[in-house]
Every structure is written in C-alpha cells, then in structure tokens.
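What the coordinates show
So you can see what is in the structure, the chains are spelled out below.
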Amino acid sequence: MSPSTDERVTKLSVFEKAALQSGENTWQTRPVERLGVRSLFLSDGPHGIRKQAGTGDHLGLNASLPSTCFPTAATIANSWDVGLAHQVGKALGEEASALGVDVILGPGLNIKRSPLGGRSFEYFSEDPYLSGKLAAQYVMGIQGEGVAACPKHYAANSQETNRMTNNSVVDMQTLREVYLTGFEIVVREAKPLMFMTSYNLINGTYTNQNALLVKDILRDEWGFDGAVVTDWGGGDQAPWAAEVGGGFEMPSPGFGSVPTLVQAVRQGSLSERALDERVSELFSVIDRIPKPEASGHFDVEAHNELAREAAAQSVVLLRNEKSILPLRSGTKVALVGDFAETPRYQGAGSSLVNPTRLVSAVTAVAETDLEMVGYARGFTRDGKPSQELVDEALKLTGTADVTLLYMGLDELSETEGADRSCMNVPDNQVRLLEALADAGRRVVVVFSAGSATTMPWLDRCEALVHGYLSGQAGAPAMFDVLTGAVNPSGRLAETYPLALEDTSTAGNFPALGKNAEYREGPYVGYRYTESINAPVLFPFGFGLGYASFSYSDAEVGERGISVTVTNVGDRDGTETVQVYVGRDQHERTGIIRPARTLAGFLKVTLKAGESARVSVAFDEYTFRHFCVNAGKWQVEAGLFEVFVGPNVRDARSVGICSVGEGTNTGEGVSVVDNALFERMSVVQPDPNSLLGLENYASGDVKKVDRDEWMRLLDNPSALMPTPEGPLTIESSLSDMARADSSLARFVWRRMEGMLRKSEAKGVPDLNLLFLSSMPFRSIFKMSGGMANEAMVESILLIVNGHFFRGTGQLIGRFFKNNRAQKRMRQEFANLAGNQSQTNH
C-alpha cells in the first residue's frame, strides 16, 4: 500500500527522482527547494538521541550532543509496562524535536534468537508479542511529538557475525509467527512513518529488495504507506529494491546509484510508476511531520527523573534469601566492583548516547540512609585476575553489614558488530564473589548486562538484583529498589537457561558461513523450554518482589480471561499478570505449535491485603497460526488451554476454551468469540500434515536432522552456496583472508591484529568490527560519492591478484567518477533549485 502519486512528483525529472532515492550525506535526505520539499535529518535513538555535533558517522565514533540516556530496550522490556514505554517514547520525541531531528531510527525489535546475540541489549525480548506491544508504544509516543519513528531491523536480523552478508534461512511459518509478528503489531497499532530493513538476506534475497517481505507483507498486507530505508550501507541492487517497495539508501552513496536507476527506467526493468511511488512515500513522511523546533532545550531534570523511574520499574529481583532486601536504614554497606564506580549503563555501537549526566553507585549511595564504609574496585573490566584487588575488597567488607557487589558483562562482551563467544560472567568477578562468600560476607550482587548469562555461582550470594543496562540514572534507581523506596516489579523478558547447551540454537549460533540455518523453527526461548519441560535457571516472565500475590477464581470467557489477584504480603506492590495459551494436550493438531505462547499481560498495583479483578483480553494474535500451503493466517478449530500466573513456568491451567465452530463445547469449556478471527479462516486439524516432522511436532528440535529440517523449510533454493573462487562485490572484507593477492591477505591480517589489540584493551573497535563484515559493494554505498561500483570492481581486481591492471583502472576510474559526481551534483542542484548545493 503506497500513497497516491504526489503532484509534486510529476514535476520531477527521472534523474531527480533517482537522486531522491539516496541520502545527501550520512544523516540527511536531499531537499528539493523549488518544490518546497525540505531535507529530513535522521538520527540513531533506540534509547536516546545520538545527533552528532560535527562530522556525522553511523557508528558513533564522533561525539554527539548531550541527550537523556534512557534504559535500553532489553531493560524496559522487563517492566512489561506499555504506559512506561509510551512515556519514554514521548520523551525521545521531545528531545529529537529540540535537537533538530526529524526521524528517530528505532525502536529495535528483533527477536533474541540466542543469548549469544551481541546486540541483544538493543532489542526487547525473545517473544514477538511482548516486543511488538512495547515497540508500538514507543512509536506512538515518538510520533505524538511530531517526530517520525523508524522501527528496525526488518527482519530476521538475529546475529552480528557476518551480519551484512549472512543469509537467514528460515521456514515460512517460523518467519511469520516469530520474526515478523512484532513488526506487524507495530505497523497495525502505531502506524510508523518509516521502516528500516536489515543487512542480511532472507532465504537468498536481501531484505531491502525482498518482494515478499517489503511489498507483499509490509505494504500490501499490513498497509504500511511510509518510506522504507536501508540500514546504513545495506543497499544492494537499487532498481530492484525500488521496484518492490524499498530502495531508499542511507547513508549517501553520492550519486553512485542514480545512473543505474535512470538506466533501469529507460530499459524497462524499473517502472517509472514504482519510482514515483517511492518518492511520493518520502514526500508523505516529510509532509506528516512538522519541521523540528531545534531549540536545543528540553526538560533535562524531568527526563532524568523519567529515566530513573524507568530503570527502577525495570529492575528484576532474582534472589532474596532470608529477605536480606530491602536494606534497613543505617545498614553499613561496602561497595565492591569496577561497575560501582564506572557503571555499565548502555550498549556499544550506533546506539551509544552521550548522557546529560551520569551518576555512579559510589556517588548515588550518598542520597540514601545507608552508611557506606567504603569502595573497593575488586576486579578489572578486562577479566585479568588480581589477588591484590581481592584482598583489598576482603579487608574493606569486613567492617560492613552487607557487601554490594557490582558484577556484570563489560562493553566488549556485548557490542554491535560481534556476537558473544559464551554466556559466562568473567572468571575474575566470580572468584571475587567466591572469596567474599568464603569469608562469610553477606553479599548482594547488583548485576548489569543486556542479555542472559549463566550463573553457576548464584548460591554464593544472598540476593541478586538485575538492573540490565539501566541508563544514566540507573545507579540511584537501583538504590531505590535496594532500600525499598521502590518495590521491584520487573519480570524477565527472556529465558535464562542453565547452560548454553540448553538453548535450542546451541551449536548452530552464530553461523560462521554464508547461511544462518534456523533449524529450531519456532522453538525460540521459552517456546522451546516449555515444550520439552527443560530445566531453566529463571523462566520467561520471572521476577520476585517485596510483596506476594495470589491468584483465585479465574474464569475463561469468550473474549478473554478474568482472575482475582490479591496482595497477600505486608507491603504495597505491583504484579504482572501473564496469560499464555496452548493446544489442549488431548486434542489432535495439524500444525507445529509450541506448548505455550504469550497471549496477554497486565500490570496491577495493589496495597497490602488489597484484591482486584483483572481481565486480559484475547485478540487476533492469540490463537492464530500461519498456514504455509494456504499462504495466510488461519485458526485451527479445537480446544485450547488457558494459563495465568506470574511467569510462564508458574502459570496454572485455569480453563479450556473452544475455538472455531463445531468443536467440543462440553461442561467447563468456553466458546471463543469468532469475531476475533475476522481476517482469518477457521480450519479443522489435519494430523497428516505433520508426517515426517515428528521432532518439530514434539518440540524436541535437538533431534531434528537435515532431512526433517529440509521438509520444514520446503525451499531448497533458500540456501546459498559457500563462496569459492575469486572475491566478488558481495564478498565481505574478511574474505580477503583467502584472496589471491598477498597484499589483500596482508591487509586482512593487519585488520585482525588491530581487532585483537582492541579486544585486549577491553574497548570494541566499532569501525573495524563494521569493516570486517562489510561487503565490498558497501565501499561505494557508504562513500558519499568518493567511490562508485566501477572503482570497487577495480579494487577487486587488485584483491584477486591483478595488481597492475586493477591499479591502473582504479586511478582512471577515480578521476572519471570525481568528474561525474560533480556534474550530477550540480545538475541536481540546478534542477531542484537547491541554493546550498549550487554554492557547494
């Protein structure tokens, strides 16, 4: 679905239309001043506005203007609070407008397929429903302030390893149910104005030019009518992308793609109508958002307080032996751990925010009624053991009632551009905890990380409080929880397995070759553990508090479930009521379906002893499945169990409901209102459809062999061959390791060495991480016009062992491209009436 062709578009030449399919520079679109079309300024901003003051770069290497660093999406997801998500989105919109930003590149809502995902801190959850509901509120909050939101990265962008060239090979049911549903919820509920495609391919086609993904699903099925933009440097074949509904390339490739687009129109491989639609979509975004005020001023204090509230509401209490928490007034506390002085409060990469302020735990403790006996570093971030630091911590903590040990993952463990190698916390931190426990210290671990870790050391501490990556006000927010000023109500938005081997993707993530094989199908996170009843460290939705709640008198009706929730504790508190559905175990089924899936949730705050009747409604996502053969959403008739409780494992079966006409409606069975299925057909189960898919049917996907996976995939062409022979424009720079040219191999060894040095320092080199996975085509896609495709072909000649021929070509093509870029820049400026470019 696209807007009707804008009248202004009819006044543009094909050359101008083609030029408007890419950016003017790193962050801005091209204006057309003669038509009154202004430039848009786009900025990173999943959890804060990252507008750079000087020369722009997409990795955040240059400093950005101060803005509020809110908790990351992985943190806010633990709040399960749609109202809070809306407030944060609103504040982001306010700051974007004040800083002159038109489009916020976020929120990010990719699925946490594996705990090893390096960018998990930037995404909400392993569950698409929770992700979609929270992301929709971000978008509505942002766009309510006159700023466009741009959800990302669409789609199946599950790993950072080879992220710009890897091919996500996934069956259609899994793709639709797990990896696209969150995006669907955002589009249908929040109507974002822009959408960002991911770097990767899906089943052999880059996402930005994937007709199924962009045209058939995003535009035609969901009704998205805004502009689709590539991830930075993620453009491939510009005419192809424009034809299917994508195509807007960022950052600026200069005018490198313009001749290709113009030629495609002339030859008929790209219809001018499609190009008109892409330009109309961009103009419609510009028309629907006012020019930002760019005053530079926003309520710094109010937004810092919101960041503190958001962090406090997202804290998850995971252990509290002998009710050591909350800490009483006057408790003598020792603060130990490098993170207490230098907090780990956000991720690394393009989302890096320059906070308006930053408070450490060592400073924040002064606001409390606790008595601080001192601070000891305890360990270094680089993971190197130090007995001296351990001894210093032991000496200090001997005078304290409670030791607050600040542990977690460092910046190198979680970063854009690289996946984690393991789920462990660094050994030097664990050894410190063990030394403190062996010395009889009462230890409360305050944990910081953006994704799940293993915790074999859990029983060595008396309490564990997880703040995730809590933003600039995370330290005082944590003390609000530790002292009981705030009753912890956060609940995990992802499963914590006992070990990496207990995850459905173990041994298959990250994929190191061309193809990332999603052999686990829909069994991601709790969908897997609950289907096979696997032991876990902490289940999805888990969290403790200082209050206790009971559930009673649950009833399943035609439109949802109602239950009485009672605060049976002696403190006021907040409970997150979670509803799950699953096929009745005695019913036949004809589809692959996890044992339980999240169907709804609601937060309720109750005073001590207070009760409330809580209702959670079913919706169109509750019972549906995607039928690959029919190519559409359906509802399988039959009986479903409904579960309610404080987490997925502690959710009790409270009723059976009958879905679809003509099914068993015996005593105690509620009939679901068929009005929920307006866009879907109701079908009878066909158990024969699961023949040969027995392990998928049971959820025991560790037993799935290649033959069974290929039956599920039903698309052998989705797999791409392992690259061999000479390097091509689609090869990544890391492929220079196998290049014919000794010079190219030397360059790659130097890059590898520089990466290892940055790792040894504990600081990720984002530029090198990006370059290592970047395909050669991105050299010209990200050059701002300094290079074109012909020049990259010359570079490839050099890399493939033809040094002199390639060098000669490169020099000649450099000067030819330089002249062509100047000519096209001037031509566009003259046609568009852009005075600023005319004077360039």
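This text gives an overview of the structure that appears in the document. A quick note: this is a predicted structure, and the numbers were derived from the prediction, not measured.

**Side note on the overall build of the protein chain**
Looking only at helices and strands, the protein chain has 25 helices and 28 strands in total. Relative to the globule expectation of 28 Å for 840 residues, the C-alpha radius of gyration of the protein chain, 27 Å, shows essentially globular dimensions. The buried share of the protein chain, taken over its 840 residues, is 63%. Relative to all contacts within the protein chain whose residues are 6 or more apart in sequence, the contacts with residues 24 or more apart total 76%. Accessible surface, the protein chain: about 30,000 Å² in total, of which carbon and sulfur atoms supply 49%.

**Topic: the pattern of salt bridges**
Pairing between side chains becomes possible if they bear opposite charge and their charged atoms approach one another. A full pass over the atoms with the stated rule returns 54 salt bridges. Where Arg777 meets Asp236, a salt bridge forms, and the shortest distance between an N and an O atom there is 3.3 Å. With Arg777 in helix α22 (residues 777-781) and Asp236 in the loop between β8 (227-229) and α8 (238-244), the pair connects residues that are 541 residues apart, well separated along the chain. Through salt bridges with shared partners, a single ionic network connects Asp44, Arg50, Arg119, Glu122, Lys152, Glu160, Arg163 and Glu416.

**Some words on helix α24 (residues 803-832)**
Side chains that are three or four residues apart share a direction in an α-helix, a result of its 3.6 residues per turn. If you check α24, its first and last C-alpha atoms are 41 Å apart, about what 30 residues at 1.5 Å a residue would give, namely 44 Å. Taken residue by residue, α24 has Gly806, Asn817, Ala820, Gln821, Met824, Phe828, Ala829 and Ala832 as its buried positions. Of the residues one or two after α24, Gly833 is the one with positive phi, at around 70 degrees.

**A word on the sheet that holds strand β1 (residues 42-44)**
Ordered in space as β1-β2-β3, the three strands form an open sheet in which the pairing is parallel. Every interior strand has two partners, whereas the edge strands, β1 and β3 (148-149), have only one. As judged from the two bridges shared by strand β2 (residues 103-105) and β3, these two strands associate in the parallel manner. The residue of β3 that forms the bridge with Val103 is Ala148.

**Structural notes on the nonpolar core**
If you look at soluble globular proteins, the nonpolar side chains tend to sit buried side by side. If you look at the biggest cluster of nonpolar residues, it comprises 137 residues, and the most contacted ones within it are Tyr154, Trp232, Tyr580, Leu598 and Met736. By residue number, the principal contributor to this core is helix α4 (residues 128-143), which donates eight residues. When neighbours within four sequence positions are excluded, Leu598 is seen to be in contact with Trp80, Asp127, Tyr129, Leu130, Tyr526, Phe540, Val579 and Tyr580. Counting 68 residues, the second largest nonpolar core, distinct from the first, contains Val316, Leu405, Leu432 and Val443.

**Looking at the pairing of strand β19 (residues 560-567)**
Burial analysis of β19 places eight of its eight residues in the buried class, which makes it a mostly covered element. Side-chain alternation along β19 places Gly560, Ser562, Thr564 and Thr566 on one buried face and Ile561, Val563, Val565 and Asn567 on a second face that is also buried.

**Some remarks on the sheet that holds strand β27 (residues 669-671)**
Pairing is mixed across the open sheet formed by five strands, whose spatial order is β21-β20-β25-β26-β27. Strand pairing shows two members of the sheet lacking a second neighbour, β21 (597-606) and β27, which therefore form its edges. Each strand of the sheet is rotated relative to its neighbour by a mean of 30 degrees, with strand direction disregarded.

**Brief notes about helix α6 (residues 181-190)**
Where burial is concerned, most of α6 is hidden: eight out of the ten residues are buried. Within the sequence span of α6, burial applies to Thr181, Gly182, Phe183, Glu184, Ile185, Val186, Val187 and Ala190. Looking at the packing, one finds that the buried side of α6 touches α4, α5 (172-179), β5 (194-196), α7 (211-221), β23 (624-627) and β24 (632-636).

**A word on the environment of Thr260**
The residue Thr260 is located in helix α9 (residues 258-267) in this model. Taking the relative accessible area as the measure of exposure, Thr260 reaches 35% and is therefore partly exposed. Sequence spacing of Thr260 and Ala227 is 33 residues, and the spatial spacing of their C-alpha atoms is 20 Å.

**Description of the packing of aromatic side chains**
The final tally for this structure, using the stated rule, is 27 aromatic pairs. Ring geometry for Phe124 and Tyr138: centres 5.4 Å apart, planes at 75 degrees, overall edge-to-face. Of the two residues, Phe124 sits in the loop between β2 and α4 while Tyr138 sits in helix α4, which places them 14 residues apart along the sequence. Here Phe124 matches Tyr138 in class, with each residue buried. Here the aromatic rings of Phe447 and Trp457 are separated by 5.9 Å at their centres, their planes lie at 35 degrees, and the arrangement is tilted. One end of the pair, Phe447, is in strand β13 (residues 443-448); the other, Trp457, is in the loop between β13 and β14 (463-466), and ten residues separate them in sequence.

**Remarks on a nonpolar patch on the surface**
On the surface, Leu743, Phe746, Val747, Phe803 and Phe804 cluster together to form a nonpolar patch covering roughly 520 Å² of accessible area. Listing elements by their share of the nonpolar patch, those giving two or more residues are α20 (742-761) and α24. Note on placement: Val747 falls in helix α20. By relative accessible area, which is 34% here, Val747 ends up partly exposed.

**Remarks on the pairing of β14**
A regular strand places its side chains so that they alternate between the two faces of the sheet. Both faces of β14 are covered, namely the face carrying Ala463 and Val465 and the face carrying Leu464 and His466. Relative to β14, strand β9 (residues 316-320) runs antiparallel, the two being bridged by four bridges. Paired with Asn320 across the bridge in β14 is Ala463. Where β13 lies against β14, four bridges are found, and the strand directions are parallel.

**Some remarks on unusual backbone geometry**
Residue His153 is bonded to the preceding Lys152 through a cis peptide linkage, with omega at -10 degrees. A cis amide bond links Phe509 to the next residue, Pro510, at an omega of -10 degrees. Within the fold, Pro510 resides in the loop between β15 (496-497) and β16 (515-517). The residue Asp553 is not glycine, and still its phi comes out positive at about 55 degrees. Assignment of secondary structure puts Asp553 in strand β18 (residues 549-556).

**Observations concerning the packing of helix α3 (residues 82-98) against helix α11 (residues 300-314)**
Where α3 contacts α11, the two axes come as close as 11 Å, and the packing angle between them is 150 degrees. Taken together, α3 and α11 sit at an angle that is classed as roughly antiparallel. Helix-helix and strand crossings are classified by hand; for α3 and α11 the assignment is left-handed. Here Leu84, Gln87, Val88, Ala91, Glu94 and Glu95 of α3 lie close against α11, whose contacting residues are His303, Leu306, Glu309, Ala310, Gln313 and Ser314. By residue class, the composition of the contact of α3 with α11 is five nonpolar, four polar and three charged.

**With respect to the side chain of Thr576**
For Thr576, the location among the structural elements is in strand β20 (residues 573-583). Discounting residues that sit within four places of it in the chain, Thr576 has contacts with Trp80, Ser489, Arg491, Tyr551, Leu602, Lys603, Gly645 and Pro646.

Here is what the cut-offs are and how they apply
- Residues numbered from 1 in each chain as written.
- Predicted model: local features only at pLDDT ≥ 70, side-chain atom pairs only at ≥ 80, totals over all residues.
- Heavy atoms only, no water.
- Helix = DSSP H or I, 4+ residues; strand = E, 2+ residues; numbered from the N terminus.
- Rg over C-alpha atoms; globule rule 2.2 N^0.38 Å.
- Buried < 20%, exposed > 50% of the residue type's maximum accessible area, 1.4 Å probe, protein only.
- Contact = heavy atoms within 4.5 Å.
- Areas by Shrake-Rupley, 256 points an atom, 1.4 Å probe, with all protein chains shown as cover.
- Salt bridge = Lys/Arg side-chain N within 4 Å of Asp/Glu carboxyl O.
- Expected span 1.5 Å × (residues − 1).
- Pairing = 2+ DSSP bridges.
- Core = buried A, V, L, I, M, F, W, Y, C linked by side-chain atoms within 4.5 Å.
- Axes fitted to C-alpha atoms, helices over the stretch in contact; angles between N-to-C directions.
- Phe/Tyr/Trp six-rings, centres within 6.5 Å; stacked < 30°, edge-to-face > 60°.
- Patch = residues over 30% accessible without salt bridge, like charges linked within 9 Å, V, L, I, M, F, W, Y side chains within 5 Å.
- Parallel < 35°, antiparallel > 145°, perpendicular 65-115°, else oblique.
- Left-handed = near helix turned anticlockwise from the far one by under 90°.
- Nonpolar A, V, L, I, M, F, W, Y, C, P; charged D, E, K, R; others polar.

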